[in-house]
Number of protein chains: 2
Amino acid sequence: MILVKQSVLRLFQYRDFLIRSKKLGKESIFSDDFAENLGTTSIQVRKDFSIFGLSGNKRAGYKVDELLKQLNDVLKKDEKQKVIIVGAGNIGKALMKYDGFREGGLEIVALFDNDSKAQNEKAKPPVLALEQLYGFINENKIELGVIAVPYHSAQQVLDIMILAGIKGVMNFAPIALKAPKNFYINDMNLKIELESIAYFVKSLKKKRT
Amino acid sequence: MILVKQSVLRLFQYRDFLIRSKKLGKESIFSDDFAENLGTTSIQVRKDFSIFGLSGNKRAGYKVDELLKQLNDVLKKDEKQKVIIVGAGNIGKALMKYDGFREGGLEIVALFDNDSKAQNEKAKPPVLALEQLYGFINENKIELGVIAVPYHSAQQVLDIMILAGIKGVMNFAPIALKAPKNFYINDMNLKIELESIAYFVKSLKKKRT
DNA sequence: TAGATTGTTAATCGATTAACAATC
DNA sequence: TAGATTGTTAATCGATTAACAATC
């Protein structure tokens, strides 16, 4: 198993496409269909499958039900995963309401914020005080978190999360967080992503003149 | 200029770090400082600079003011860029309020939504009807957009944006959008990113047992 | 001068793409 | 059988890392 990271991301997308296709009553799908849906090539689709030992039928593509079962297995989509969000600002609250997570089996069980006005223990996912962060993670054995706090408190928050037992985070704070080797961080730097789009758009324009 | 995409993203991060350092009164910075801040190596920092012709002083690092000027030039950070957001749901509204964009010189000038309850022409960035999308882009010569609509309407919305003159988008809809070659799309698939974190966390756990 | 740092060229690594073999 | 499709091995490409030369 050599190339992995990118392939895994695509496997999740193949899975989503499979689920949607199943709803439409499709029973089998070709590598070309996956490729078209994802904007990639059928070669890459089959390569990805091959890496993870997923196989189809020559001349007949992939059986939807069968592949879905295999994919769920490979992607470890077994039980629901509990997730907490630290920071109940714009981003944090938007993610709380984001349907995609629920669909992906990711359940947001609590938010945390040190602004007492934002706190609400009775809310559907409760918004708790930061002091409760460590205890909550520990008691509920949470392994996944989202960091949606300003950059100056992000590292501090992460340190608590790590101590309490979190194993991986999605980080929206625009800062490179420090964590142990076996801890997984996925940086989502919205500002820089949009700035870079602006940059590449300007570059494209220049090229044509 | 061979490697570019990743380097550009880092250049924007170097710039942010420079701005923060300047505020702290720093006058010069070493490649090691950049590396530490970004979680990369000084070799990569210097390589990135070298690609874009940015130079420092042997033994004395980089002068903050000087490098910042050069970086702004390279990254084309001249005038403010106007941005529109299509979709005034959770994500769309959160992005509207996101400070990072403003700091990066990206001004959100309007949102669009086909839900009349969400619309509000008088709001600070107005929330307009989808029917106004084409005209608004066209009249205001907008080049940058954010797609934050459900996946089933994303392609339709993009088609209008392209026709009206948008040149690049940040896409939050979980679908591979079709666009001409010289159009720039940056996909932000939150669901898949978080799912993949869950996956890698589970993988790490398995490895240790 | 010696040491620390920048800057560039070469080597390696990881991911994608191409070529082609297998087979239904 | 011929054609379409899967699946794997090899080649290429792009990005990172290492080696080292330059110099303040």
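Small disclaimer: the values here were computed from a predicted structure and weren't measured.

J.: Break down the overall build of chain A for me, citing the residues and quoting the values.
T.: Helix and strand counts for chain A come out as nine helices and eight strands. Projected onto the principal axes, the alpha-carbon positions of chain A cover approximately 60 × 55 × 35 Å. Counting the 209 residues in chain A, one finds 52% classified as buried. Across chain A, every contact between residues at least 6 apart in sequence was considered, and the portion connecting residues at least 24 apart equals 54%. A gap of 6 Å separates the mean positions of the 33 positive and 24 negative side-chain charges of chain A.

J.: Tell me about a positive patch on the surface, and name the residues and values.
T.: Together, K93, K97 and K124 of chain A together with K93, K97 and K124 of chain B make up a positively charged patch on the protein surface. Elements with a contribution of two residues or more to the positive patch: α5 (90-97) of chain A together with α5 (90-97) of chain B. With respect to the element layout, K97 of chain B can be found in helix α5.

J.: Tell me about the packing of aromatic side chains, and please be specific about residues and values.
T.: Under the counting rule described, the total for this entry stands at 22 aromatic pairs over all chains. Both rings, one in Y14 of chain A and one in F34 of chain A, keep their centres 5.5 Å apart while their planes meet at 75°; by these two values the pair is edge-to-face. Separated by 20 residues along the polypeptide, Y14 of chain A in helix α1 (residues 5-23) and F34 of chain A in helix α2 (residues 31-38) bring together distant segments of the chain. Here the two residues Y14 of chain A and F34 of chain A agree in accessibility, since each one is buried. Measuring from centroid to centroid gives 5.5 Å for F112 of chain B and F136 of chain B, while their planes differ by 70°, and the two rings are edge-to-face. Of this pair, F112 of chain B sits in strand β4 (residues 106-112) while F136 of chain B sits in helix α7 (residues 133-140); the two residues are 24 residues apart in sequence, bridging distant segments of the chain. Take F112 of chain B and F136 of chain B: they sit in the same class, and that class is buried.

J.: Describe the sheet that holds strand β8 (residues 184-187) of chain A, naming the residues involved and giving the relevant values.
T.: All names here are of chain A. Strands sit in the order β5-β4-β3-β6-β7-β8 across an open sheet of six strands; the sheet is parallel. Two strands close off the open sheet at either side, each with one partner strand: β5 (127-128) and β8. Note: strand β7 (residues 168-171) against β8, four bridges, orientation parallel. Along β8, the bridge assignment pairs N171 with D187.

What counts as what
- Residues numbered from 1 in each chain as written.
- Chains lettered and ligands numbered in written order.
- Predicted model: local features only at pLDDT ≥ 70, side-chain atom pairs only at ≥ 80, totals over all residues.
- Heavy atoms only, no water.
- Helix = DSSP H or I, 4+ residues; strand = E, 2+ residues; numbered from the N terminus.
- Buried < 20%, exposed > 50% of the residue type's maximum accessible area, 1.4 Å probe, protein only.
- Contact = heavy atoms within 4.5 Å.
- Lys, Arg positive; Asp, Glu negative; His and termini not counted.
- Charge placed at Lys NZ, Arg CZ, Asp CG, Glu CD.
- Patch = residues over 30% accessible without salt bridge, like charges linked within 9 Å, V, L, I, M, F, W, Y side chains within 5 Å.
- Areas by Shrake-Rupley, 256 points an atom, 1.4 Å probe, with all protein chains shown as cover.
- Salt bridge = Lys/Arg side-chain N within 4 Å of Asp/Glu carboxyl O.
- Phe/Tyr/Trp six-rings, centres within 6.5 Å; stacked < 30°, edge-to-face > 60°.
- Pairing = 2+ DSSP bridges.

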